[in-house]
Amino acid sequence: MENAPERSKKRRSWPWLLLLLLLLLLLLGLWRLRCSSSLAPPSTSQQANPSKTSKPTKRPCLSPTPEVCDGKDNDCDGQMDEGFQLACQPCEKKVTPQSKHCIQAQVIGGSWFAGKARNLTLGNDHGITLPLQPKRNLYIYIANSREGTISKLRIQDGVEVGRFYVGDNPSRTAVDSDGNAWVAMRGRTSDKGRGKQLENVVKIDGSCTPTIRPPQATRECILLDIPNVGNLLRGIAVDATGEVWVGSFAASEVLHLDGRTGEIRRRISLPDNAGPYGLAVDEKGFVWVASRRGKAAVLRIDPLTYQVDRKVMLSQIRNNWPYGIASDGKGSLWFGSNGPMILQLDGATGTLKRSIVVGGQTRGVAVDHRGWLWVADSRKNKVHKVSLTRGETVGSYEVGRSPVGVAVDHDGAIWAVNLMSHDATKLSVQGQTLGTYPVGKYPYTYSDMTGSAYHVFRTLRGVFRGRYTTGWKGARWRSLSWKGSLAPNAGLRIRARAADDKKLLNKQPWTLLKFNKQQAVLPLRGAMIELEVEMHTSQRNRLSFLDALTLVLHPKPSTR
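Residues numbered from 1 in each chain as written. Predicted model: local features only at pLDDT ≥ 70, side-chain atom pairs only at ≥ 80, totals over all residues. Heavy atoms only, no water.

Colleague: Explain the pattern of salt bridges here, please?
Modeller: Close approach of charged atoms allows side chains with opposite charge to pair. Under the criterion given, the structure shown has 19 salt bridges. With a closest N to O distance of 2.8 Å, Arg163 and Glu160 form a salt bridge. For Arg163, a relative accessible area of 6% translates into the label buried. One salt bridge connects Arg219 with Asp225, and the closest N-O pair in it is separated by 2.8 Å. Owing to a relative accessible area of 43%, Arg219 belongs among the partly exposed residues under this scheme. Asp225 gets classed as partly exposed once you look at its relative accessible area, which sits at 35%. (Salt bridge = Lys/Arg side-chain N within 4 Å of Asp/Glu carboxyl O. Buried < 20%, exposed > 50% of the residue type's maximum accessible area, 1.4 Å probe, protein only.)

Structure follows, in structure tokens:
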């Protein structure tokens, strides 16, 4: 039998055991409650306002539908808006209470490259930009045809700082806004097209001074030497964006070259057996061609479409073949005739405005910023000064023997390239001879050899055009807004048209948008939209650009 003290000790331990058991049961209950709450779905308020650290669970794509531009993976292939060039996403809020869907579509970043531009730069920190006035170029580049070389002269004092081997029979030169020179070779093909050899185009670094001193020639400073460009290259021009245009006389075509790489972007066939002799680009970015073969005398190329039009037929200029050609930046083109006349052409209509007798054999022409046209007269060994407004000769000045080309430098001085005296004459705007400087054998340059053309243009105009699709047939376009910066006195004009396919789109009329500040109503319907943006400025030293266009559209609910 247990004694009394032991029974008393057991009775005192039972309360403690019971308390411990209750404590264990309480802890178990709390643990089960915590597990059940962690497995429960979040509340409505938690779904609407997730914490910054939470990661939403990706919902599986269960019902594939055709892909449309809406910021979603409609066809369940793991990609969003593939095949569309607009950047689309749902609108932050509905435009009208009745709308079930609202899409905000943007032309931004790479979307701009879906379109084409004339006289506007694509990319380079902004969507589209009007090029600035080129920096002052300190040199003139003269082709020495019989030597296969180019002479680089300093415009300040006429010192030849470099002479470069470039190719067979160089003739035309052009200078871009960075001061680099482009040279086209004539080769040995005859004017009638006999000969199949394709000639090269060379790009010379304008910032490079060779270690080999003239008159010795060198291959230093050559940035690009592009082979097999064309047959008998007799025209070259650089536009305001740095793109290069080359005329192949024998092949009756104009080539568009990438200004950075030299890659041939397009070969453009000319009608009427035209033979490009001189090229110029106007203030709107159109490329003008002076032809010395076939029926057409002057043609115009639109870089947006590569369409060739604005023909002036040979009979219209009394059978005088055009030679050099220049734009005055105010809507007119001027060209020599290889005879006593110079001719003025209206760039808007393509009609002849004036024929002016100035000398004996007019060849190269150039325009300065003071309102004068300068004409090289090979027969009379003179350069003529003509008023652009009155069309009158106000001065004639003696230069070297048989001047072929004439140019205006960035200081406003005039240069005549003298074929038979193997030199170049520099004149003041008053006609005073400032110097005569020797170059290589038989210099034969009459294009823009200084890069002054875009320097003298007071106003520059550019156009962008792009087509975009959404996949939403019958989509209702509501509004368009733009983001960018325009210089004082700059202008912006936007047109649009829409349809469900390309054929219908081509037939649609354009709608000119009316902006309230930077937003306009866009009352159009269709899965595709085409936009045309025109920009212009008279303040060439101030940047004007667009970064983005934002469009709001409502897809038809039935298409979902």
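Text resumes after the structure shown.
Colleague: Please explain the environment of Trp510 as it appears in this structure.
Modeller: As for its position among the elements, Trp510 is in the loop between helix 4 (502-507) and strand 36 (511-512). In contact with Trp510, not counting residues within four places along its chain, are Arg465, Arg495, Ala496, Arg497, Glu530, Leu531 and Glu532. (Helix = DSSP H or I, 4+ residues; strand = E, 2+ residues; numbered from the N terminus. Contact = heavy atoms within 4.5 Å.)

Colleague: How do you make sense of the side chain of Glu160 when you look at a structure like this?
Modeller: Along the chain, the position of Glu160 falls in strand 8 (residues 160-165). A relative accessible area of 15% places Glu160 in the buried class. A distance of 2.8 Å separates a polar atom in the side chain of Glu160 from a polar atom in the side chain of Arg163. (Polar contact = N/O pair within 3.5 Å; in protein donor to acceptor, adjacent residues only side chain to side chain.)

Colleague: What's the story with the pairing of strand 31 (residues 423-427) in this structure? I'm lost.
Modeller: Walk down a regular strand and you will see the side chains alternate between the two sheet faces. For strand 31, the buried fraction is high: five of the five residues fall into the buried class. Side chains Asp423, Thr425 and Leu427 of strand 31 all project onto a buried face; the interleaved residues Ala424 and Lys426 project onto the opposite face, where all are buried too. Direction of pairing for strand 30 (residues 414-418) relative to strand 31: antiparallel, over a ladder of five bridges. Paired with Trp415 across the bridge in strand 31 is Lys426. Adjacent in sequence and paired antiparallel, strand 30 and strand 31 are bridged by four residues, among which His422 carries a positive phi angle near 55°. (Pairing = 2+ DSSP bridges.)

Such coordinate-based values are descriptive only and should not be taken to indicate function.
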